[in-house]
Structures are given as C-alpha cells and as structure tokens.
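Listed below are the residues making up each chain.
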Amino acid sequence: MPPTGLEPTRMNRKKGDKGFESPRPYKLTHQVVCINNINFQRKSVVGFVELTIFPTVTNLNRIKLNSKQCRIYRVRVNDLEAAFIYNDPTLEVCHNESKQRNLNYFSNAYAAAVSAVDPDAGNGELCIKVPSELWKHVDELKVLKIHINFSLDQPKGGLHFVVPSIEGSMAERGAHVFSCGYQNSTRFWFPCVDSYSELCTWKLEFTVDAAMVAVSNGDLVETVYTHDMRKKTFHYMLTIPTAASNISLAIGPFEILVDPYMHEVTHFCLPQLLPLLKHTTSYLHEVFEFYEEILTCRYPYSCFKTVFIDEAYVEVAAYASMSIFSTNLLHSAMIIDETPLTRRCLAQSLAQQFFGCFISRMSWSDEWVLKGISGYIYGLWMKKTFGVNEYRHWIKEELDRIVAYELKTGGVLLHPIFGGGKEKDNPASHLHFSIKHPHTLSWEYYTMFQCKAHLVMRLIENRISMEFMLQVFNKLLSLASTASSQKFQSHMWSQMLVSTSGFLKSISNVSGKDIQPLIKQWVDQSGVVKFYGSFAFNRKRNVLELEIKQDYTSPGTQKYVGPLKVTVQELDGSFNHTLQIEENSLKHDIPCHSKSRRNKKKKIPLMNGEEVDMDLSAMDADSPLLWIRIDPDMSVLRKVEFEQADFMWQYQLRYERDVVAQQESILALEKFPTPASRLALTDILEQEQCFYRVRMSACFCLAKIANSMVSTWTGPPAMKSLFTRMFCCKTCPNIVKTNNFMSFQSYFLQKTMPVAMALLRDVHNLCPKEVLTFILDLIKYNDNRKNKFSDNYYRAEMIDALANSVTPAVSVNNEVRTLDNLNPDVRLILEEITRFLNMEKLLPSYRHTITVSCLRAIRVLQKNGHVPSDPALFKSYAEYGHFVDIRIAALEAVVDYTKVDRSYEELQWLLNMIQTDPVPYVRHKILNMLTKNPPFTKNMESPLCNEALVDQLWKLMNSGTSHDWRLRCGAVDLYFTLFGLSRPSCLPLPELGLVLNLKEKKAVLNPTIIPEAIAGTQETTSNPGSHAQLVAFQNPFSNSQDEEEIDMDTVHDSQAFISHHLNMLERPSTPGKEQAPLEMSMHPVAAAPLSVFAKESASSKHSEHHHHHHHEHKKKKKKHKHKHKHKHKHDSKDKDKEPFAFSSPASGRCMRQQNGGGCLVIQKTQQ
Amino acid sequence: MVTCAPPPSEASENREERARAPPTPPRDYKSHRAPRSRTLRQGKMADTAAAAGAGGSGTRSGSKQSTNPADNYHLARRRTLQVVVSSLLTEAGFESAEKASVETLTEMLQSYISEIGRSAKSYCEHTARTQPTLSDIVVTLVEMGFNVDTLPAYAKRSQRMVITAPPVTNQPVTPKALTAGQNRPHPPHIPSHFPEFPDPHTYIKTPTYREPVSDYQVLREKAASQRRDVERALTRFMAKTGETQSLFKDDVSTFPLIAARPFTIPYLTALLPSELEMQQMEETDSSEQDEQTDTENLALHISTDDSGAEKENASVLQQAPSLPGSRNGEENVIDNPYLRPVKKPKIRRKKSLS
C-alpha cells in the first residue's frame, strides 16, 4: 500500500542514536514495478516503475537513481515530463583510446567509476531533473511520484532468459527467466535505488503468458486474466520495507508444489521435475523449525517461495521472501551424495532470509555482520543436523581455507573503513582490486570474506556464550519487526538496517562484555595468525617448556596478543592451560601433573571423561606427555605448525576424540612414514565409531606413507586386505559384495578407499599391477540391482581411481602416441572409460557424474602421454547444450591443455567463450579456472604472452564485461595472474618511442610482435605513466591514414590535452547511428569519474613509477580545473520528442554503441 | 422393408464396400424412393457408425468365405437383430431405410441387449448365483432407466410382428484339449467319481544329470561378464551406427566414443532417474518401505486432493502460520494464493458504455 498519507514533516530525519544518515536528499517510501510485456522470443521486457519519494531538503532539483541496461523512454514527475541524463561510467572504465595497460590504473579507475554511480554515496546512473513547476512543491517537502517507462532488450546481466530451442510454445519448451546477479544488481532490470539501505514497500505486477507463473517477493494478492484471456497478471504486494537489491523475479511454466507441512511455503520447479521437487523440499520445514526455535522469532515474511531454475547464476540466491536455486540441486531419494549438499543450500538460503533479506545492512562495510550471522546460524543448523563432528570438521575446513587464502593473497578485511578517501590509508593495498565496493571485489575474495565473517561470529560466540549471541540476534530481529510493522513511519525503517556499531552495541548491552579487542583484531584488521610451536620436557622440574613463535611479518599475517588455550594430555588425564601470549614471551612453562613413572595397569582418562587402556610402550619413558594441542577449540584464526614426536601424533590420532585433532594428526603423520604410523592409520580405518571423514583422509595418508615406505613395505598393498574384509564376499575375496549403501559411513569409505589405493606406487614408481586389477575387478563385479540407492557416484569414483593409477608414459624419443605402442594397462583403463562414457549416452547417470569422471580421466591419460593430447573431444563436450557439470569438466580439460601445450588457439577459443557463452556461470567459471590454472604467470616467459592478448583481456575487463560485476572482477583476476599489477612485460619498451596509428585495422608496430590474425584489436602501448591514452584526443575524428609520430613532450603536456579536449566538447553531438564507423575513436567523457580516477591513479602509483611522479602531479592539478569547468547537461527537449527513437541517449544499449556515455550532450557552462 | 436384410454373403460384401467408401450409400437402396420425411437418413452419424461397424467387423471379414462356425453364429445373430430392427421400423411407419441407418440401430440394439446381459450377470453374481433370474433382469432394466411396467403392455400390442426364430447353425465347438500319454487310473482308495488324474507330463519327474550352477562365485562372474558383454556390444553397435569421436587420430575403431550430442534441455536427462532406476527403486522400496516415504506419500496425498476444494475456506491463511511442524493429518484445506483460481478481468468497457 503506498503510504501516500505520509506527512512530509515526519520525514525529517532525527539524528537519533542509531544514526543512519541517508546519502540521498530524499526518502523512498514505496515503489511500483510493473512489467507488462515479456517476450521470450526476443528476450525483451517492457514496463514501468513508479517511485514515491519524499524530499528531505528544500532545494531538491535533481534525483539520482540507479539503472543499467534499461532503455528509458520517458520520465514523469508528478505527471510532468522531466528531463533526465543517463550516464554509466562503468560501461567502459578506461577510455578506448587509452594505451594504459597497468592494472593498478585500471583498478583505481574502476573503483572510481563504481563510486560515481554508487547508491550508498547518493549517486546513480540516471539523473532526473525535477521540473521547475514542481520546485515550490518540493520546497514544501511534498511527495513526488516518479514514473519511468523503460524496456530491456536482450539483457546481458540482471535478468537471465533460458529459452530452449525446440518446437512448441514457450511454456512447452520450458522457457523461463529469472533475476540474478552479484550483490546489488537490481538496477540491471529496472530503475531503482539499488542500495541495501534504502527500504520501501513494494507493489509488483507482472503480466505473463497464461501458461506461465510469475514468482516474486511478498504476497500474491491476486492473479487476473487480461481481456483477451491469453495472459494473466500477477499482483504482488510486499508490505515489509525491503531494499530494491532484495527484489527478484522468476517467470516460467513452473510446476507448483505447496509445502505439505507449511502451507504458506510454495515450491516451484521446471516441468517434469515435480517428483524431484517433492523429495528435495520435503525436508525444508525442519530447517524452518530450527531457525525459528533458536532465534525465538517467527519467520518474518508471511510466505516463502523457493524456485528452482536452470542456468543459475549462483546455486543459492536469497531475496525477500523467496529464494532462487539452481535446478541441479534437485534430486531423487536414490541419490546419497547430493542430499546433504542440497539441504545445506536450503538451510543457507533460509538463514539469509532472516539476516540479509529481512534485516539489511547500512553500508558495504557492515556486510560482514549479515554474512557472519547468517553463516553462523547456518553453522548451528549444521551442528544440529549433521552432528558435532561434521560441524567441527566444517569449521576446521573453513579455517584452513581462510588461512590459506589470507597467507596467499594478503588479508581479508571484514570491516573496511574509508576515512577521507586517501589512498595512502588504503587498507587493501596488497590486493589488485579495491575493497571499497562489493562490485570491485574478486569473487574468491568475497567467498573468503563470507567464510571469515562466520568464523569471527563464532569467535564472538566463544567470548560471550551462545545464549547471549542468540539474544542479540533476537533483539535485532524484534527491533526490525517492530519497525517493519510501522507502515507509515518510514523513518523508523532504518531500524531494519544493521550496522557494525549497532551490532556491537547490542552485544555489549546484552552480554555486558567488552569484545572490542576481539573486534579490533579480527574485524577491523586483516590477516591471520601463524603459530610455530615446539616443546621440551624438563624432567627435573616436571615441567613442559612450550615455545610458541609467531610469524607476523609475512603478508596476510598479524600479531596475536592474548589468551591461548593449550591442552596437554598426560598419563593422568587431560589438562587445559590458558597461556597469555604477549609481545616478547616465547617460552611458557607448564607444570605437569603426572610423574613419568607410570602404572601400566591404570587406565588413562581422556578429555571427555572416558578412560581407556593404551599401549604405552611407544612412549618416551621419561615423559608423561601423550600429546599436546594448541588452540584446540579454534578460537583464534590461525595456522599452527606444531612439532611433536611421531608417537605423540599416533596417540593423538588413536585416542583423542576430537575430529579436528584426528585430522591434524593425520596430516602430521604424512611426515612419519613408519610401521607405527601405518598401524595407527589402519586401526583408525577399521574403527567404525570413528568419524567417516577422518577415515577417508586416513586412506590418503596411508597411501602416501606406503609410497614413502615402498622399499620396506610388507604384505599386500595398503588397504587392500582391509577393503576385502569390509566389502568383499567371504567366500570369494576378489568379488565385491552386491552394493548396499544403507550405511552411509561405509558407503563413503567404500568409495574413497580405491581412489586412495590407486595412488600407491611401487619401486618403479608405477601403480602396482595388483591394485589396478583390483580396481578393474571392482568395476567388473559392481552390481547395483539390489541397492536402494544409485551407484553413480560410486562408479564415478572408480573411474577417478583408474585415473589416479595412471603414471607418465615411458616415451622413447618423443615418439608419436599411437594405438600400437599403447601400454597394456592403459588399454584396459581406456576400455573401461570408453564403455562407461558410451553407456552414459544410453543410460545417463545423475548429474552425469560418470561422464565428468571419464573426461577428467581422459585428460589425465593425455597429460601423461598415453593418448595424444587433443582438445577436440573436450571442446565438443564444452558446448552449450550439455549439462553444466560436463561442460565445466570439459572446459577444465581445455584450460589445462592450453597451459600444457601453450596453445594460442585454445586460449582464444576460451576467451571467445567467456564473451559469448549464454550461461553466466560458465563464463565466470572459465575465467576462474584460467586464473587457477593459468597458461602462464607474470614472471614467466611464454609465447602466449603477447601484446594482442594484453589488449584483448584489457578490453574484456574494460568494457566487455560491464553487464556482470562478477565476470568483470574475474577478468581482473585473470589479468592480474597473467601480467601482474604493473605494466605487462611483453609490451614493447617505452623507450623505443611511440608510434601511433589512428587508422583502425592495420598493424602499426613491428609485425613480428603482433600476429596478423588478431591485428584487428591492436593498439600501441606506451609508457604507463605518461597517460598516453590521451594522445588519441589529438585527432579523434580525422581519418588520417598516415602514421603519426608523437613527441613525448606533447603527450605530456596536459595543457595541450585540455585545450584539445575543450575543442572536442564544443563540437555538435552527432546522432549515434552515424557515429558507428567512428566507434573506436569516440571518446566518452564522463567528467566526474574521469577526474576522480585520474586523481586516484596518480596518487596510488607512487611506489611503482617513481620516474613519472612529476608528470602525475602536474596532471592532477590540471584535471581538477577541468572538473570544475565542465558540467553535464542534457538537452532533454529534443530527445523527449522522439522517445522511442533508437538514438535515445538514455538507452543503455545505445550508450554502448556510442562508447560508454560519451555522446551525452555536454555544454560548457559558465564557470 | 422387413425383407431388406440381404443374404449373408451379400451383407458381408456390402460391409466391406462401405468400409472402403463410407460416404456413398449403396445404389440399390436409393431405388426405393419414399416420401422424404419418412426416410431415415442419419448423415454423419450413420457414416461414423458404419465406419465403426466396418472397423469392428474388419477382423472377421478378412476371410471372405465365412465358413468358421463361430463366424456364422455371429452373422446369424446380427441378421436376426437386423430383422428385428427392420420390423420395428416398419411398425413405426417407415417405408424404407438406408442401410447405414439400419446398421446403426442394429448396433445400438445390440449394445443395449449386451448391456442388459452384462449388468444382469453382475447382479446375479452379486447375490452369489451363477444363473440370472427374472428379478436380476428387472433390476437391471430399472437401473438402466427403463420403465418395466410398460413392458407387458408393449409385448401384447396388436400390430407387433412375429419373427421366426433364426435358423440354428452349428454351434461353435470347443476343441478337445490335447492329451499326452496315458492318464493314470485311480488307485483303489480314491472313489471313481473324483476327477481323473491330469496328463502325466504335469506331474512326472524327469531326473536331470547335471546340477544347475549355484556356486556364488560363478554366478557373479557370469552375471558380470554377461552384463559387460551386453554393454560392450550395445555401445559398439551404437558407435558403429552413429557419429563417433576418437582418442587416436590414426585409429577410430578400437576405442570408438559415441559423439557428444548437446541436448535442448540438458537438465532433464541429468536429473531425472532413468526408467531402469525407477523400476529398481520401486522394487527395493516395496521390500523395505521406511517411515519417511510413508509420511511423504501422505503429504502428497493431501496436496493433490485439496487443490480443488480450497475455494470455500478463506480463513486458513490466518491459521497457517501456526502450522509449521505440526503433522497435519487433520488439516484438510490448503489455502495458497498460487492455487486460487485466476480472476476474470473486470470488464470496464461495459461500464463505460452504460
């Protein structure tokens, strides 16, 4: 319901203690989104939005909104035509003519461009001028209604259309469309204030084909047929104030399932998948119950919808009262492996419904609170559902991940504060991207950010107890729900936003504890702690002398000062000690409780009170110490490298009941290939009470140990007899029992053991023949007829096992690989793979797991030289139209091929796919895989590394990926991996002078440097500090065919540049169509962002380019002047007369044609 | 017109002719020019009925000379019915009728009588008898909406025609069961009125000389290699008959890979269990159905049953929030906005007109 009755005086923000200050001079209270036409054939959308806003200042004459891609036809404010300007500097970050290829420069420019349209700074791409007739109205702070007609044509981001190309109507084909994106991406599909902090109520209307269903946020009020009865309109009402970024949409011929346990929950899936949907969602109500119980708070929305769609952008996307999932999460009751994963996804999305959708954030720097809380309560759900072992294992995994990432790339900062915007204080100078905005973050960084956020929440829990923690959450939720029910008091709505300070305040109010040091350490500061521990036992004093060192100088580390728990298991029991880690104290004396003389008959008490018999013969007779653990509860984000004797690790593995300790000892035992380690590991493997994941990793450790001990190993290959005993028939040990996966623990073990066994190597470093035959027999005798569950994952792992057994081919004189010289073992493997792969065509397995494994195995064979290396097979599987898992596996193989064979052709093929593939996830994934497994890196000589590639990638991140934040950041990551932060080494040296050719499509530099094939994209490069891109201004419109030598001095002379620039600006604007041939030379002029990034780039380059320092400063000043001189102005009158013309300057698409917003009419105004 | 029934051979031929060209009625019937109003024409209906009749009789008319006694029987019955229909028509005052119309009426009469028979049989079986009695027939007729009271009067009407009983052709003979060997005579302690022993082959034991393989290992071995052989043969066949890819450039036949073909909707094959798996699942499920699937079925039942009947109850939404977790066996009505009927558009034009 539009709160039109709102009195404007109420809108005056009180500077209350919560202190949320809107960056905008108005308050949005209600928004209508109406999409009245969706064309699946053309992939287009037509509709309008209407925003109800209340000015908060008297002289409001310009309203900035966010909008990308949308073509805007008409804007009316209170029914009066309004002029508007559309300018999106992120379309092209650095201008086309730029010869700059320095990543630092790009990142700064990109951050500046994003800032320039950042709604959290009150900016936007769309600037609407309030008609002068309304100025008086505005001065009285009366309501304004902004009505915007827009359309979207073939959107490249924001909305994703899936239209299978088969016969039939769109509904019969299963065509659907859904909104997607990373962080706040709603502006891609309708004009809005795309901020998480601007809340309003919503009315959403979607007119769709009668056979389709439109699912969106809030309550479905009614569905009405259109007059011709061919279409119907879905009317949604969302009365809980919600940020535009949490608005979503999914339209398709969905099958509808009302949750049998909770009737207000509705599930949607694509046609034919209803049985899977029933099974998959049958569990959801338990998650609901769990969260509502621990939060003692009802689910905030009156309904909940889950939609499962194809070609998902991410597996789970949570929006207000609905979540969009990948259809690939659906599974039947026969599938074991996918079940926990899918349930985790469901639980994750539900946690985000509370924190993330219902409770939103004030600013980007508060994001960690939401991610932290939702991740933390999701963790609690995991603990309850899968047990403490699984939970602790997960925490350890997450901890290891974040530690590895931070040590590799530098720190992850949860709560970045940007005071003054000075680049010197840049908290993330170690990174190749800015962390100021979510849209500039590397995807990997963002995943790690989320990981760290929930780990830190757990640390807070450790500090203040879970009860208090949940009380805090409850408090946040109840405040928010009180605020949300205040329908007409939009100033109250800021209570629904969480901020770091608000969160910390509630913690101290509820718990009365000061957690400031903890916050300072982990939230306001990046980095993890790296401990090195060793000890000595002083027999005389009966004291354990523990030495704990820290490394806090390496990147990604920080110094830890404070308490540290150490657990010592002695003969008389387990004892906890809390050490104070201080600046200079390395050594800690811990008194021991037990005497080293031991009573052999006595049982040894463990931490959990259990008393066990141990064989103590392996122990050091003088010491009562069994094992020592540092920070056993993972209450510090740390990596511990601790030295203790092998027998201590073995005791720890056998007798410590904590899975984390067991996991740690397994890792440590890899370094101790002794019969004792072997025995300990085998015992663990056999022990059914032991956590299955520990047993699984014991398999791999055992394989490693066996390989290290190969010369002294006795008996059959490791694990073979064990496997035989556990899973093979009693009477005929070479035949595996018919499959029965009722016990999941043994199922996982059965799957893993052969994979680990295949890693065994004999003295010749080959996989023992015995092992290979064993695996082949497992495949041969595999019989799933009596099994309740599908064996597709099991069979896939058997193929993985085969692949693991492959060793490099013995090659004589690099002979060509043919069938004749094929190794007989490989022939057997190949036969199995062929048969499996072919059978998949006839009887496909769930998620095609077997095809995926086969493709990987084939790549392994190629890589090891058994089969000729050839990407053709993978390329055919990578095509659009295969199941996404297959495509990714195939692409991974192509990426690997590109690296190993240094194939320029394949790299081009991949780059092409990044730009053209219909599935955003696949594009993202290719970039991601190329970054993980790069064809070359910055310090490497490679024939692939050439100027054309630099240009190509530069273009990709500069303008080719403007429709997808995630993709652009992926391209930046790849560029960084390949070329590093500074100027790519393959570019010609700047000292050689600069030759510029202004004619397109002709090689300028020495043709030996630039291959002919890609000459279309060539651009000469120049000195990174010289701002040579500006040179292009010298003559952008002349079609001069001559090469022009440009004096470096003129280039550096910014005065010349500016005067030229001004000349250019005074030219009359040309209609977009006519400009097409000049496309490459057109220069977008976005005054504000240009000057901003110029400024930033100048200061951030200090360290890298000392010799250009001088010029930079000069330029900086000039640019400032420039900024003041110019102002955007849009002659809207002309354009409004022909609102549907293709040359409308407001159209995002047109903008791109005309090179990123440069065509705006810019007039020189009075200074 | 009563005599219009053609001789059997002709009838069957005619039927065939009709089957070939249903829309044109046979010439000879047109010669009977009668007042138009009293001529029975059924147009389309007759055509379809004839076509149906032709289809039904197609199997029989396949053999032109209907020498089969069973066939004869059917024909005779049909002919009698036709005579009845014709006589009733004459009685009703028709002078002529098209062949097609007569056929249709015959068809209707036949099915009516069959229905009486079928239904009467059911009634009699319902009361645990095997022979229908008069009351069964009466109940049947009542059930079929026939006013039984009018029947005696109708039977005694004056102008009724009496039709001679059809000539009884030879009844179909059930062929004698094949016997093999000599039946064993009853031993003395069995009274002779008991049925005879069945044929010896049904109970005589034939000793075999080799034990069937029951060794587990051999069985598994056999099953495995059989499956493998089938799979290999099948995939090879598929590879040979379709496009292939090869891992070795010089050799395309040793490891032929069926070429990858993109799907239009890739997720369907990837996610839906194959029929084989479904079958397997049913088999294993029936043996060990656990609690979960039971509740699932129950839930499923609710959701499908109630989707139609939610209209009456609009107050459920208020109750709904209290539901989570409660196993709602007693909950019968679901109100979900997505299940509500789509509203008709408000007709604005009419309003503006009036």
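Residues numbered from 1 in each chain as written. Chains lettered and ligands numbered in written order. Predicted model: local features only at pLDDT ≥ 70, side-chain atom pairs only at ≥ 80, totals over all residues. Heavy atoms only, no water.

Overview of the overall build of chain A
Within chain A, the secondary structure is distributed over 34 helices and 35 strands. Looking at chain A alone, contacts between residues at least 24 apart form 73% of all its contacts between residues at least 6 apart. When the accessible area of chain A is evaluated, it comes to approximately 43800 Å², of which 51% is carbon and sulfur surface. (Helix = DSSP H or I, 4+ residues; strand = E, 2+ residues; numbered from the N terminus. Contact = heavy atoms within 4.5 Å. Areas by Shrake-Rupley, 256 points an atom, 1.4 Å probe, with all protein chains shown as cover.)

Some details on the domain arrangement of chain A
All names here are of chain A. In terms of domain boundaries, chain A breaks down into domain 1 (23-88 + 125-253), domain 2 (366-523) and domain 3 (534-608 + 619-636). Between domain 1 and domain 2, the C-alpha centre-to-centre distance is 31 Å. Between domain 1 and domain 2, the residue contacts involve 15 residues of the former and 12 residues of the latter. Both faces considered, domain 1 and domain 2 share a buried interface measuring about 1100 Å² in area, 68% of it formed by carbon and sulfur atoms. Broken down residue by residue, the surface that domain 1 buries against domain 2 is led by Y182, Q183 and P241, which jointly contribute 49%. Our enumeration of links across domain 1 and domain 2 arrives at zero salt bridges. (Domains from an automatic or database assignment. Buried area = accessible area lost by both parts, 1.4 Å probe. Salt bridge = Lys/Arg side-chain N within 4 Å of Asp/Glu carboxyl O.)

Remarks on the packing of helix 20 (residues 824-842) of chain A against helix 21 (residues 849-863) of chain A
Residues and elements named next belong to chain A. Relative to each other, helix 20 and helix 21 sit at 150 degrees, their axes nearing to 9 Å. Judged by the angle between their axes, helix 20 and helix 21 are roughly antiparallel. Remark: the crossing between helix 20 and helix 21 carries left-handed chirality. Across from V826, L830, I833, F836, L837 and E840 in helix 20, the residues of helix 21 making contact are I850, T851, C854, A857, I858 and L861. Here the contact of helix 20 with helix 21 is composed, by residue class, of 10 nonpolar, one polar and one charged. (Axes fitted to C-alpha atoms, helices over the stretch in contact; angles between N-to-C directions. Parallel < 35°, antiparallel > 145°, perpendicular 65-115°, else oblique. Left-handed = near helix turned anticlockwise from the far one by under 90°. Nonpolar A, V, L, I, M, F, W, Y, C, P; charged D, E, K, R; others polar.)

Things to note about the pairing of strand 1 (residues 26-39) of chain A
Here is the key point about a regular strand: its side chains alternate between the two faces of the sheet. Residues and elements named next belong to chain A. Here strand 1 lies mainly inside the structure; 11 of its 14 residues are buried. In the sheet, strand 1 pairs with strand 2 (residues 44-55) via 12 bridges, with the strands oriented antiparallel. For I35, the partnering residue across the bridge sits in strand 2 and is G47. Hairpin connection from strand 1 to strand 2: four residues lie between these consecutive antiparallel strands, with K43 at a positive phi of about 55 degrees. The pairing of strand 1 with strand 11 (residues 199-209) spans six bridges and is classified as parallel. Across the sheet, residue H30 finds its bridge partner in strand 11, namely T201. (Buried < 20%, exposed > 50% of the residue type's maximum accessible area, 1.4 Å probe, protein only. Pairing = 2+ DSSP bridges.)

Quick look at the packing of aromatic side chains
Residue and element names in this part refer to chain A. The tally for this structure, following the rule as stated, stands at 52 aromatic pairs over all chains. Note on F531 and Y560: the rings are 6.2 Å apart at their centroids and 90 degrees apart in plane angle, and the pair reads as edge-to-face. Taken together, the positions of F531 in strand 23 (residues 529-538) and Y560 in the loop between strand 24 (543-550) and strand 25 (562-570) put the pair 29 residues apart, joining distant regions of the chain. Comparing F531 with Y560 shows no difference in burial state: the two are buried. Seen from the ring of F836, R835 lies directly overhead, with NZ or CZ sitting 5.5 Å from the centre. In this structure, K938 is placed above the aromatic ring of F976, and the distance from its NZ or CZ to the ring centre is 4.1 Å. (Phe/Tyr/Trp six-rings, centres within 6.5 Å; stacked < 30°, edge-to-face > 60°. Lys NZ or Arg CZ within 6 Å of the ring centre and 35° of its normal.)

Here's the deal with helix 9 (residues 466-485) of chain A
All names here are of chain A. If you check helix 9, its first and last C-alpha atoms are 28 Å apart, about what 20 residues at 1.5 Å a residue would give, namely 28 Å. Turning to helix 9, its buried residues are M469, L470, V472, F473, L476, L477, A480, A483 and S484. Down the axis of helix 9, the sector holding all buried residues measures 155 degrees, keeping them to one side. (Expected span 1.5 Å × (residues − 1). Arc of directions from axis to C-beta.)

Details of helix 26 (residues 947-960) of chain A
Residues and elements named next belong to chain A. By the criterion of burial, helix 26 is predominantly enclosed, with 11 of the 14 residues buried. Turning to helix 26, its buried residues are E947, A948, L949, V950, D951, Q952, L953, W954, L956, M957 and N958. Contacts made by the buried residues of helix 26 are with helix 1 (103-116), helix 24 (904-916), helix 25 (920-932) and helix 27 (965-979). Put simply, N946 is the residue that caps the front of helix 26, since its side-chain oxygen is 3.2 Å from the backbone nitrogen of A948. (Polar contact = N/O pair within 3.5 Å; in protein donor to acceptor, adjacent residues only side chain to side chain.)

A few points about unusual backbone geometry
Residues and elements named next belong to chain A. Positive phi is not limited to glycine here, since Q69 has a value of about 70 degrees. Structurally, Q69 is set in the loop between strand 3 (62-65) and strand 4 (71-77). The backbone of R902 sits at a positive phi, close to 50 degrees, despite the residue not being glycine. Note on placement: R902 falls in the loop between helix 23 (884-901) and helix 24. Residue class for R902 comes out partly exposed when judged on its relative accessible area of 41%.

Brief notes about a nonpolar patch on the surface
All names here are of chain B. Residues L88, Y112, I113, F146, L151 and Y154 make up a contiguous nonpolar surface patch of about 500 Å² in total accessible area. Elements with a minimum of two residues in the nonpolar patch: helix 5 (99-126) and helix 7 (150-155). Looking at Y112, the relative accessible area reads 34%, which means it is partly exposed. (Patch = residues over 30% accessible without salt bridge, like charges linked within 9 Å, V, L, I, M, F, W, Y side chains within 5 Å.)

Concerning the interface of chain B and chain A
The interface of chain B with chain A comprises 77 residues on the first partner and 103 residues on the second. Buried area between chain B and chain A, both sides added, is near 7800 Å², and the carbon and sulfur share of it is 62%. Counting the contacts that link chain B with chain A gives five salt bridges. For A:D870, the salt bridge goes to B:K249, with nearest N and O atoms at 3.5 Å. Remark: the boundary between chain B and chain A carries 20 residue pairs in polar contact (both at pLDDT 80 or more). Among the secondary structure elements, those contributing two or more residues to the side of chain B that touches chain A are helix 8 (216-241), strand 2 (257-258), helix 9 (266-271), helix 10 (275-287) and helix 11 (291-306) of chain B. Split by residue class, the side of chain B that touches chain A holds 39 nonpolar, 15 polar and 23 charged.

Some details on the UniProt feature "domain: Bromodomain associated" (unreviewed entry) in chain B
According to UniProt, the "domain: Bromodomain associated" (unreviewed entry) feature falls on residues 73-150 of chain B. Within the segment residues 73-150 of chain B, helix and strand shares are 76% and 0% respectively, and the terminal C-alpha atoms sit 32 Å apart. (UniProt positions renumbered as here; feature names shortened; annotations may be inferred.)

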